[in-house]
Amino acid sequence: MLRVGVVGAGAMGADHVRTLTTTVPGVAVTQVYDRDTDRAEQVAAAAGGVAARSAEELIASDEVDAVVVASPDATHADLVLACIAAGKPVLCEKPLAVTSEEALGVVEAEVSAGRRLVQVGFMRRYDPGYNRLKATVSSGALGEVRVVHNVHRNASSATSATGPGIVTGSMIHELDTVPWLLDDEVVGIRVESPVKDGLPDPQLATLEMAGGTLATVEVFVNAGYGYDVRCEVVGTSGTAALTRGADVSTRIAGVEGIVVASDFVVHFADAYRIELSAWTRAARAGGVDGPTAWDGYLANLVAEAGVTALTSGVRQAVTPVPRPDLYPRRAD
């Protein structure tokens, strides 16, 4: 039995607790911590665990073998560093850190420890649809990939309430997914919005890949009608997309039509279940097998460049530090 501690009992943390206790075998959620102690006690009790007095106490506990970090973004890097110091596998929700410098500090700590213990919660890599799309791209059936189109919309969002927050809190998923999908690296980014006064939402990013492919990313966090994620890959021999639409389809708030998910938890329920199952299997062996701290650093680095591009209106280059030997290339 793998004993898991969960830091953060909000919507994401509580859903992880439910998934771990109801659909992932061989796992017991033994401790939960949240600054809202009542909430922590409620979520822990439902899982048969107890509420910890602090995140640090939970990480250090002999009753916890592995940790899920689903707390506010600003706490991620320090909590992950504590898990590395304790020698415990950790699944950290995105982003790995608030800044690329902090994320690089996590990478350096893991390299110093000499083993990979950190997995970043880029759950789209576990989504069945995205995996079928990646298999199609990898097969060569589309020829040379020229363009990738991405759409990422929420009905509304309180967590991405600033222009930079849309990049670092929402677009960051595509900033990881596109490189993973293509087995390539982002070398440049441009971000624009048609809204000049107030919250710059929606936003349109153009990603330049090292191999020459261009990717567009539309993020609209207050689209009104529901949660909607799409991706199409365009090659020299054909295209492939997550979904195939009709001649004309409408998605309008309050109007019956094509049904979309209410939020990301519902839309990616299978992805979260598969992600947590894979993470717990690896954690039993004392490690991780998924998006790495290096992947988290790269996503942070591109997001940081995206924020600069949004505010400056100028395309920004993306130049990571050399990849440490501890981390495999994306295709590995």
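In this text, all values refer to a predicted model and were calculated from it rather than measured experimentally. (Residues numbered from 1 in each chain as written. Predicted model: local features only at pLDDT ≥ 70, side-chain atom pairs only at ≥ 80, totals over all residues. Heavy atoms only, no water.)

(A) The overall build of the protein, seen in detail. For the protein, the helix and strand inventory stands at 10 helices and 13 strands. Taking 332 residues into account, the globule formula puts the C-alpha radius of gyration at 20 Å, and the protein, at 20 Å, falls close to it. Its C-alpha atoms give the protein principal-axis dimensions of about 55 × 50 × 40 Å. Considering the protein as a whole, with its 332 residues, one finds that 52% of them fall into the buried category. Relative to all contacts within the protein whose residues are 6 or more apart in sequence, the contacts with residues 24 or more apart total 73%. (Helix = DSSP H or I, 4+ residues; strand = E, 2+ residues; numbered from the N terminus. Rg over C-alpha atoms; globule rule 2.2 N^0.38 Å. Buried < 20%, exposed > 50% of the residue type's maximum accessible area, 1.4 Å probe, protein only. Contact = heavy atoms within 4.5 Å.)

(B) Local environment of the layout of surface pockets. A volume near 780 Å³ is recorded for the largest pocket. Forming the boundary of the largest pocket are 30 residues, of which Met12, Lys94, Thr159, Gly169 and Phe264 lie nearest the centre. Put simply, the parts of the chain that give the lining of the largest pocket at least two residues each are α1 (11–22), α7 (163–182) and α8 (264–267). When residues of the lining of the largest pocket are assigned to their parent elements, the largest contribution, five residues, is made by α7. (1 Å grid on protein atoms, 1.4 Å probe; cavity = no way out; pocket = protein on both sides within 12 Å on 5 of 7 lines; lining within 4 Å. Points joined across faces, edges and corners; volume = space filled by probe spheres on them.)

(C) Local environment of the sheet that holds strand β10 (residues 214–220). A sheet is described by the order of its strands in space; here seven strands give the open sequence β12-β11-β7-β10-β9-β8-β13, paired in mixed fashion. Of all strands in the sheet, those with a lone pairing partner are β12 (239–241) and β13 (316–317), marking the two edges. Of the pairings in the sheet, the one linking strand β8 (residues 186–192) to β13 comprises two bridges and is antiparallel in character. Paired with Ile189 across the two strands is Gln316, which belongs to β13. Against the sheet, helix α6 (residues 128–139) makes contact with β7 (145–153), β11 (228–235) and β12, and its axis sits at roughly 5 degrees relative to β11, the strand it touches most. Against the sheet, α7 contacts β7, β8, β9 (203–209), β10 and β11, and its axis sits at roughly 35 degrees relative to β9. (Pairing = 2+ DSSP bridges. Axes fitted to C-alpha atoms, helices over the stretch in contact; angles between N-to-C directions.)

(D) Summary view of the packing of aromatic side chains. Evaluated as defined, the whole model comprises three aromatic pairs. Where Tyr227 meets Phe268, the ring centres are 6.3 Å apart and the plane angle is 80 degrees; that geometry is what we call edge-to-face. Placement of Tyr227 in the loop between β10 and β11 and of Phe268 in the loop between α8 and α9 (269–284) is noted, with a sequence separation of 41 residues between them. For Phe268, a relative accessible area of 1% translates into the label buried. When the ring of Trp294 is compared with that of Tyr327, the centres are 6.4 Å apart and the planes differ by 20 degrees; the resulting orientation is stacked. With Trp294 in helix α10 (residues 293–312) and Tyr327 in the segment after β13, the pair connects residues that are 33 residues apart, well separated along the chain. Here the two residues Trp294 and Tyr327 agree in accessibility, since each one is buried. (Phe/Tyr/Trp six-rings, centres within 6.5 Å; stacked < 30°, edge-to-face > 60°.)

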